[in-house]
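Structural overview
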Amino acid sequence: MADLALIFGAALAAACCVGLLGAAALRLLRGRSITVHIAVLLATTVAAVAAGVAVVAEAMFLSPHDLEVVLITVAAAAVVSLAVGWLFGRRLAAAAVWADQARERERRIEKGRRDLVAWVSHDLRTPLAGLRAMAEALEDRVVADPETVGEYHRRIRVETDRMTRLVDDLFELSRINAGALRLSLSAVPLGDVVSDALAGTAPVAAARRIRLVAADSGWPTVTASEPELSRVVGNLLLNAVRYTPEDGTVRVDAGRDGDQAWLAVADTCGGIPESDLPRLFDVAFRGEPARTPRPGNGGDEGSGGLGLAIVRGLVEAHGGRVEVRNVADGCRFVVRLPLADAPQRRTATA
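Attention in this report is confined to the structure presented alongside it.

Turning our eyes to something else, we now look at the sheet that holds strand β2 (residues 211-214). The mixed open sheet is built from five strands, whose spatial order is β2-β4-β5-β7-β6. Pairing within the sheet leaves two strands with one partner each, and these edge strands are β2 and β6 (321-326). The sheet shows a mean angle of 15° between the axes of neighbouring strands, direction not considered. Strand direction decides the pairing type here: β2 and strand β4 (residues 249-257), joined by four bridges, are parallel. Directly across from Val213, in β4, lies its bridge partner Arg251. On top of the sheet, helix α5 (residues 190-207) reaches β2, β4 and β5 (260-266); it is set at about 170° to β2, its chief contact.

Further remarks concern the packing of aromatic side chains. Enumeration over the complete set of coordinates arrives at one aromatic pair. Between Phe281 and Phe333 the ring centres are 6.0 Å apart and the planes differ by 90°, which places this aromatic pair in the edge-to-face class. With Phe281 in the loop between β5 and α7 (307-317) and Phe333 in strand β7 (residues 331-338), this residue pair connects regions lying 52 residues apart in the sequence. With a relative accessible area of 7%, Phe281 lands in the buried category. With a relative accessible area of 1%, Phe333 lands in the buried category.

The next point concerns the pairing of β4. Bridge count for β4 against β5 is seven bridges, and the pairing is antiparallel. Looking across to β5, one finds that Arg256 is bridged to Ala261. Where β4 folds back on β5, the antiparallel hairpin that results is connected by two residues, among which Gly258 adopts a positive phi of roughly 70°.

Leu229, Val233, Leu236, Leu237, Val324 and Phe333 are the most contacted members of the largest nonpolar core, which has 47 residues in total. Sorting elements by how many residues they give to this core places helix α6 (residues 226-243) first, with eight residues. Membership of the second largest hydrophobic core comes to seven residues, among which are Ala137, Val143, Val149 and Tyr152.

Attention shifts here to the pattern of salt bridges. For the structure shown, the criterion picks out nine salt bridges. Note that Arg336 and Glu323 form a salt bridge whose closest N and O atoms lie 3.8 Å from each other. A residue pair is termed long-range when its members are at least 10 positions apart, and Arg336 in strand β7 and Glu323 in strand β6 qualify at 13 residues. Three or more residues joined by partner-sharing salt bridges are found here, namely Asp257, Arg321, Glu323 and Arg336.

Quick look at the packing of α5 against α6 now. It is at 9 Å that the axes of α5 and α6 come closest, and there the two elements cross at 40°. The angle between α5 and α6 places the two elements in the oblique class. Helix-helix and strand crossings are classified by hand; for α5 and α6 the assignment is right-handed. Taken together, the residues of α6 that come into contact with α5 (itself represented by Leu190, Val193, Val194, Ala197, Leu198, Thr201, Val204 and Ala205) are Glu226, Leu229, Ser230, Val233, Gly234, Leu237, Leu238 and Val241. Looking at the contact of α5 with α6 residue by residue, the class counts come to twelve nonpolar, three polar and one charged.

Rules behind the numbers
- Residues numbered from 1 in each chain as written.
- Predicted model: local features only at pLDDT ≥ 70, side-chain atom pairs only at ≥ 80, totals over all residues.
- Heavy atoms only, no water.
- Pairing = 2+ DSSP bridges.
- Helix = DSSP H or I, 4+ residues; strand = E, 2+ residues; numbered from the N terminus.
- Axes fitted to C-alpha atoms, helices over the stretch in contact; angles between N-to-C directions.
- Contact = heavy atoms within 4.5 Å.
- Phe/Tyr/Trp six-rings, centres within 6.5 Å; stacked < 30°, edge-to-face > 60°.
- Buried < 20%, exposed > 50% of the residue type's maximum accessible area, 1.4 Å probe, protein only.
- Core = buried A, V, L, I, M, F, W, Y, C linked by side-chain atoms within 4.5 Å.
- Salt bridge = Lys/Arg side-chain N within 4 Å of Asp/Glu carboxyl O.
- Parallel < 35°, antiparallel > 145°, perpendicular 65-115°, else oblique.
- Left-handed = near helix turned anticlockwise from the far one by under 90°.
- Nonpolar A, V, L, I, M, F, W, Y, C, P; charged D, E, K, R; others polar.

See the structure below:
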C-alpha cells in the first residue's frame, strides 16, 4: 500500500508541475483566440499524463529497454490524443465563435427592429396627429375662410404623401430583407437614369437654392434593373439635397473602373463624423450634427432613416456595393455596379 501511495505521490507531483506551467501559459495567452487556449489546455493535459508515467517508470528502476518501450507507448498515445484533440478542438472553437457571432447578429437585428419600430411609430404618429387635428377643425367648422381651408387641404395632402412614401419604403425594405426582390436585369444607360433623377430632384433643390451639377459625358451603361436603379439614384440625390445647406452644391459624375461602373454623388453638407460612417446605411440611422435634419431643409419629409438602407440593399442585390467617405467640404457616396457588355448592348438594342 505504501508503494502505491509513493507512486501516486510521484505521479501527482510531476503532473502538478506540468499543470502549473500550463496555467502560467494560459495566463500569458489570455488575450489570444479560443483555438490557442484549447491547444494549450490539451497539450498541458497530455504532457501531465506523460510526465506522471515517465516519473513513475523511472522510479520503478525499469531496464533501459522497458523504459524505452513505456516512453514510446506514451509518446504514441500523446500524438494521437493531441491530433484528435486539435481537430475537434478547432471545430469546437469555430462552433463557439459562430454561436457568439450568431447571438451578436441576433442582438443587432433585434435592436435594429426595435429602432425601426420606434422611428416609424414616431414618423407616423406626428403626421397622423396633425391630420386628425386638421380634419376635426374642418369637420367642426372651426376654420371657414376659403384660404385657411385650402391651406388645410394642402397640408393634409402633403402629410398623406409623406406617409405614403414611408409605407412604400417599408415595403421595399421588407422585400429586400426577405429576399423577395426580383430584378429584371438589362443594359441601362446610366446617363438617362441620372437625368431623370435630376429632373425629379430639381424642384426641391431650386427651393433651397442648391445647384445640381452633372458631368456632360462619360456616362457608362450598366447591367441593372432600371426601376430599382432609378430608386438608388433618386434616394442619393434627395439625401444630398436635404442635408446640404442653402446655396450649396450637389455634384454627380460617373466613370468606368475595370469591369465595373461607378456613380458618385458629392455634396457640401460639411462632412459626417467618422464614427457615424460605418452606421450610415443602417436602418433608421439619421446621423448626427452635420446631417441632422434642420428646420426647412426638407428633413421633415424624410423616410424614417430608410433611404440609405434601401440604397445599400438595392445595390447589393445588383451585385454591386456602395460606400461613403468625407471630402473637403462634404461627403461623397460612390455606387459600383457591373458594366454592361458592349456586344450584348448592341444585341439588346437591335
